[in-house]
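Observations on the model geometry
Chain by chain, the residues run as shown.
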Amino acid sequence: MKTDAPVREFFGATTDNTVYANGTHIIGFGFDGTACFRKGTRNGPDGLRAVSEDIESYSPYLDADLFDHAFYDLGNLSLGSSDDVEAQWQHASDQFDEIFQPLDLQANNVRVLTLGGEHSISYAPIRKYLQQYPDLVLLHLDAHADLRDGFLGYHYSHASIIRRSLDHFGPGHELIQYGIRSGTREEYQYMNEHGTVRKSRKDFLDSVAAIADDRPIYLTLDLDYFDPAFLPGTGTPEPGGEDFHSYVSLMKLLRGKNLVGADVVELSPEIDPTGNSDVFAAKIVRELLIILNEKGAR
């Protein structure tokens, strides 16, 4: 496996190119080729890593520390040498498959946290997890429904990630969406007809609480889920979003569940020159890593 070296490993991680059983692994996918408004998410994975050592490794919300367990940073997927954005996306997606497709994630208790990058990068990890876990719950936190069947000529667009994920859904899979506040009429019709969207924080948290403790959960988190007043450094901000404390409420719930993998996408460091968005996102990742590390150590 030959990934691109990161600017530095995420704070607390060991730089490695091996996937370990019972281990949590970070991998970056810095791509923004289909972004339709403001680009810059290609720098998201290393933007997160660069500030990670400037926040505490200890989470007072979970009373746990990144250093409680070993975890690994596999670097960044390569976009290849082509100038064509679809070829770049395909090259990196193929590399993700090369690394993880031969592995039985479930049997080996392998946890993967993918850092984006725009939301289209989530396709490869979500597809892998859907293949591996026939009863997977896909939690989708986002400002946008992402249910378009392609957008601006891109079949695998950042605006289509959930639609493309549904292509791989089986009868035992479930989609729960929250934070959605932008989309087409058709997208809202789909969510309402299929009961995928939760329209209040209480309904969403109650839905997560009701998931059986041993049922596998994958979280795909677009950072524009948060209100741009808190996190402006993202490509398609939408007013009316959530705050950090609602996220902490979710993390406390997920700690008692079976979180098997996740991705965090759409950080664009250059949009927020204060660097506050990078720090906010790094704390988001810290909480996720702690939970994934605890699950991986079982």
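As annotated in an unreviewed UniProt entry, the protein carries the name Agmatinase and is attributed to Pseudidiomarina tainanensis.

**Side note on the packing of aromatic side chains**
Within this structure, the stated rule accounts for 15 aromatic pairs. Measuring from ring centre to ring centre gives 6.2 Å for Phe 244 and Tyr 247, while their planes differ by 45 degrees; the resulting arrangement is tilted. Note that Phe 244 and Tyr 247 are positioned in helix α8 (residues 244-254) at a spacing of three residues, about one turn of the helix. For Tyr 247, a relative accessible area of 1% puts it in the buried group. Linked through ring pairs, Tyr 61, Tyr 178, Phe 204, Tyr 225, Phe 226, Phe 244, Tyr 247 and Phe 280 together constitute an aromatic cluster.

**Focus: the side chain of Asp 272**
Its place among the elements puts Asp 272 in the loop between β11 (258-265) and α9 (276-296). Looking at Asp 272, its side chain comes within polar contact range of the side chain of Ser 277, at 2.7 Å. Not counting residues up to four positions away in its chain, the partners in contact with Asp 272 are Pro 232, Gly 233 and Ser 277.

**Quick word on the packing of helix α7 (residues 201-209) against α8**
Two numbers describe how α7 lies on α8: the axes approach to 10 Å, and their chain directions differ by 15 degrees. Here α8 runs roughly parallel to α7, going by the angle between their axes. As α7 packs across α8, the resulting crossing turns out to be right-handed. Of α8, the residues touching α7 (which contributes Arg 201, Phe 204, Leu 205, Val 208 and Ala 209) are Ser 246, Ser 249, Leu 250, Leu 253 and Leu 254. Counted by class, the contact of α7 with α8 contains seven nonpolar, two polar and one charged residues.

**Remarks on the pattern of salt bridges**
Applying the stated criterion across every chain yields a total of 16 salt bridges. As a salt-bridge pair, Arg 49 and Asp 46 come within 3.0 Å of each other at their nearest N and O atoms. Here Arg 49 pairs with Asp 46, and both are found in helix α1 (residues 44-52), just three residues apart, close to one helical turn. Given a relative accessible area of 0%, Arg 49 falls into the buried group. Asp 167 is paired through a salt bridge with Arg 163; the nearest N and O atoms lie 2.5 Å apart. In the salt-bridge network here, residues are joined through shared partners; they are Asp 149, Arg 163, Arg 164 and Asp 167.

**Some remarks on the sheet that holds strand β1 (residues 14-15)**
Taking strand neighbours across the sheet as the criterion, the nine strands line up as β1-β5-β2-β6-β11-β10-β7-β8-β9 in an open arrangement whose pairing is parallel. Two strands bound the open sheet, and with one partner strand each, they are β1 and β9 (197-198). Summarising the sheet, strand β7 (residues 137-141) and strand β8 (residues 174-178) pair through five bridges and their orientation is parallel. Of the residues in β8, the one forming a bridge with Leu 141 is Tyr 178. Set on the sheet, α7 makes contact with β7, β8 and β9; between it and β8 the angle comes to about 150 degrees.

Thresholds, definitions, all that
Residues numbered from 1 in each chain as written. Predicted model: local features only at pLDDT ≥ 70, side-chain atom pairs only at ≥ 80, totals over all residues. Heavy atoms only, no water. Phe/Tyr/Trp six-rings, centres within 6.5 Å; stacked < 30°, edge-to-face > 60°. Helix = DSSP H or I, 4+ residues; strand = E, 2+ residues; numbered from the N terminus. Buried < 20%, exposed > 50% of the residue type's maximum accessible area, 1.4 Å probe, protein only. Polar contact = N/O pair within 3.5 Å; in protein donor to acceptor, adjacent residues only side chain to side chain. Contact = heavy atoms within 4.5 Å. Axes fitted to C-alpha atoms, helices over the stretch in contact; angles between N-to-C directions. Parallel < 35°, antiparallel > 145°, perpendicular 65-115°, else oblique. Left-handed = near helix turned anticlockwise from the far one by under 90°. Nonpolar A, V, L, I, M, F, W, Y, C, P; charged D, E, K, R; others polar. Salt bridge = Lys/Arg side-chain N within 4 Å of Asp/Glu carboxyl O. Pairing = 2+ DSSP bridges.

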